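# Architecture and fold: a report
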Amino acid sequence: MTTLPRKHLFDIPEGTIYLDGNSLGPLPTGAVARATKVLTEEWGRELIRAWNTADWMELPQKVGDRIAGLIGAAPGSVATGDTLSIKVYQALAAALKLRPTRRVILSDTGNFPSDLYMAQGLIATIGKDYELITVAPEEVADAISEDVAAVMLTEVDYRSGRRHDMGELTAKAHRAGAVMIWDLAHSAGAVPVDVTACNAEFAVGCSYKYLNGGPGAPAFIYARPDIVLAVEPALSGWLGHDAPFAMEPSYRPAMTTERLRVGTPPIVQLSILDAALDVWEGVDLADVRRASVALCETFIKEVERRCPQLTLASPREAAKRGSQVSFAFSDGYPVMQALIDRGVIGDFRAPNILRFGFTPLYIDHDDVVAAAEILEKVMAHEIWKEPKYQVRSRVT
Ligand SMILES: *Cc1c(COP(=O)(O)O)cnc(C)c1O
């Protein structure tokens, strides 16, 4: 059984095989009614009273607790809001404060650029002799030394789908006295994650990929409960204050993970995310993972058999992969445009990666085989060479 019976909970256009839920999850049907209610009944009728009457003020924590359930975190240990880049910055800044005598942030060259950019920006802001060191993903373990204040890694590589061993690397970081930060952007809702067992100090992630919260949906940040009171918030906004409505002149952080909140929560988007999280009710991530592995294996087998021009750019071993499969091809961009034109939506990542995400909640075996068949036609007949597929859009 490779299908989880949840397809009916998503509004996917007829004739589309959506293999890009790793980048932007599709619309959960329940989100439309919820957004409409928030706009018309809550904002529209209740106006500012809705912060109390519609429980808007509780929503960030409620959604945080639901995400906590998907990543093995205790209730109350996950705060929501802002974007992932901001949450990366907050986790990093707090990690450096926890190790004041150390000066190195260690990451890998496969990390998503924004995570690295945020580290560079933080270092520039601090203005001391901090250093961001990036090594190849396979070399991270050996690069963890006692100079390292924070190890910041994304579990699943956004391009190749290569997956780090969270438990092993966290243990290694801790043996060297470093703080561990995991970015779960391509993990939450895709693979079973247990942040409690892995024991990392921080985890961050976004909610518009496998969690289907919609474009720009709020991010999340986990802080290990035993260190929360030692976390110094770099972005000391009023909603991370212990008593926001006391309007005190000085910042005093909340005594919980809420101290990692910053400003007013995006209620419409949070409500949509809350509705999107309904699709996970009764879903076991172990079943999702099993189904995802089967879909990925089928796709690799079908594409390799049908498209000798493409080279697998993901680890062949399922255990070393997240929930996506990438193939390299020098003209990957026009190939993806031709595929999208035929209803198979994946995406392209520079310089040459065709990327396909597998999301068993709404993708099944037949979809995977059909997608491989269409890819075969695009390659065999060189359909991608048509001039219209060469034009680059802003978002690839
Ligand atoms: C998707 C992704 C981001 C995007 O960050 P935003 O601030 O939400 O735009 C950052 N880091 C990683 C690892 C990602 O996969």
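Residues numbered from 1 in each chain as written. Predicted model: local features only at pLDDT ≥ 70, side-chain atom pairs only at ≥ 80, totals over all residues. Heavy atoms only, no water.

### Some points on the packing of aromatic side chains
- All told, the structure shown has nine aromatic pairs when counted by the stated rule.
- Seen in terms of ring centroids, F299 and F356 are 4.8 Å apart; in terms of plane orientation they differ by 55°. Their pairing is tilted. Taken together, the positions of F299 in helix α10 (residues 285-306) and F356 in strand β15 (residues 353-357) put the pair 57 residues apart, joining distant regions of the chain.
- The buried category is assigned to F299, whose relative accessible area is 0%.
- Plain terms: the ring middles of F299 and F358 are 5.0 Å apart, the flat faces sit at 50° to each other, and that makes the pair tilted. Of the two residues, F299 is situated in helix α10 and F358 in the loop between β15 and α12 (365-380); the sequence distance between them amounts to 59 residues. Across the pair, F358 and F299 agree in class, each one buried. (Phe/Tyr/Trp six-rings, centres within 6.5 Å; stacked < 30°, edge-to-face > 60°. Helix = DSSP H or I, 4+ residues; strand = E, 2+ residues; numbered from the N terminus. Buried < 20%, exposed > 50% of the residue type's maximum accessible area, 1.4 Å probe, protein only.)

### Details of the pattern of salt bridges
- On inspection of all chains with the given rule, the structure shows 31 salt bridges.
- Put simply, K62 and D274 hold a salt bridge, and the shortest N to O gap is 2.7 Å. Of this pair, K62 sits in helix α3 (residues 59-71) while D274 is found in helix α9 (residues 267-277), placing the two residues 212 residues apart along the sequence.
- A residue is classified by how much of its surface remains accessible, and K62, at 42% relative accessible area, is partly exposed.
- Linking D157 and R162 is a salt bridge whose minimum nitrogen-to-oxygen distance equals 3.3 Å. Like R162, D157 is buried.
- Several salt bridges converge on common partners, so that one network encompasses R34, K62, R66, D274, D278 and E281. (Salt bridge = Lys/Arg side-chain N within 4 Å of Asp/Glu carboxyl O.)

### Considerations on the sheet that holds strand β11 (residues 311-312)
- A sheet is described by the order of its strands in space; here four strands give the open sequence β11-β12-β15-β14, paired in antiparallel fashion. Each edge of the sheet is formed by a strand with only one pairing partner; in this case those strands are β11 and β14 (347-349).
- The sheet contact formed by β14 and β15 spans three bridges and is antiparallel. Bridge pairing links R349 to I353 in β15. (Pairing = 2+ DSSP bridges.)

### Describing the pairing of strand β4 (residues 78-81)
- A two-sided burial pattern is seen for β4, the buried positions comprising V78 and T80 on one face and A79 and G81 on the other.
- Here β4 pairs with strand β10 (residues 219-223) via four bridges, running antiparallel. Following the sheet pairing, A79 is matched in β10 by I221.

### Notes on the side chain of E155
- On the secondary structure map, E155 appears in the loop between β7 (148-154) and α7 (166-175).
- Judged by its relative accessible area of 2%, E155 is buried.
- Within the structure, E155 has its side chain in polar contact with the side chain of R163 (distance 3.0 Å).
- Setting aside anything within four residues of it in sequence, one finds E155 in contact with R162, R163, H164, M166, W182, D183, L184, S187, V191 and V193. (Polar contact = N/O pair within 3.5 Å; in protein donor to acceptor, adjacent residues only side chain to side chain. Contact = heavy atoms within 4.5 Å.)

### What about helix α1 (residues 29-46)?
- Compared with the 26 Å implied by 1.5 Å per residue over 18 residues, the 25 Å span of α1 between its first and last C-alpha is a close match.
- Along α1, the sharpest kink reaches roughly 30°, centred on V38.
- What α1 keeps buried is the set A31, A35, V38 and E42.
- Directly after α1, the chain includes L47, whose backbone phi takes a positive value near 50°. (Expected span 1.5 Å × (residues − 1). Bend = angle between axes of the 7 residues up to and from the residue.)

### Things to note about the site of the ligand
- Around the ligand, the structure places T83, L84, S85, F112, D115, T154, D183, A185, H186, Y208 and K209.
- S85 places a polar side-chain atom, nitrogen or oxygen, 2.6 Å from an oxygen atom of the ligand.
- In this structure, K209 approaches the ligand through a side-chain N or O atom, which is 2.5 Å from an oxygen atom.
- Expressed as a share of its isolated accessible area of 390 Å², the protein-covered part of the ligand is 87%.
- Looking at the shell around the ligand residue by residue, the classes come out as four nonpolar, four polar and three charged. (Near = heavy atom within 4 Å. Areas by Shrake-Rupley, 256 points an atom, 1.4 Å probe, with all protein chains shown as cover. Nonpolar A, V, L, I, M, F, W, Y, C, P; charged D, E, K, R; others polar.)

### A short note on the sheet that holds strand β9 (residues 202-205)
- Ordered by their spatial adjacency, seven strands build an open sheet running β4-β10-β9-β8-β7-β5-β6, and the pairing between neighbours is mixed. Of all strands in the sheet, those bounded by a partner on one side alone are β4 and β6 (131-135). The mean angle between the axes of side-by-side strands here comes to 20°, regardless of whether they run parallel or antiparallel.
- Of the strands in this sheet, β7 and β8 (179-183) are in contact with α7, which crosses β8 at around 155°. (Axes fitted to C-alpha atoms, helices over the stretch in contact; angles between N-to-C directions.)

### Considering the domain arrangement of the chain
- Structurally, the chain comprises domain 1 (7-28 + 284-389) and domain 2 (55-280).
- On a C-alpha basis, the centres of domain 1 and domain 2 stand 29 Å from each other.
- Across the contact, 31 residues belong to domain 1 and 23 residues belong to domain 2.
- At the boundary of domain 1 with domain 2, total buried surface from both sides reaches about 2100 Å², with 63% on carbon and sulfur atoms.
- Across the contact surface, domain 1 and domain 2 share eleven residue pairs in polar contact (both at pLDDT 80 or more).
- Elements with a contribution of two residues or more to the side of domain 1 that touches domain 2: α10, β12 (324-328) and β15.
- With four residues, the single largest contributor to the side of domain 1 that touches domain 2 is α10.
- Per-class residue counts for the side of domain 1 that touches domain 2 are 16 nonpolar, ten polar and five charged. (Domains from an automatic or database assignment. Buried area = accessible area lost by both parts, 1.4 Å probe.)

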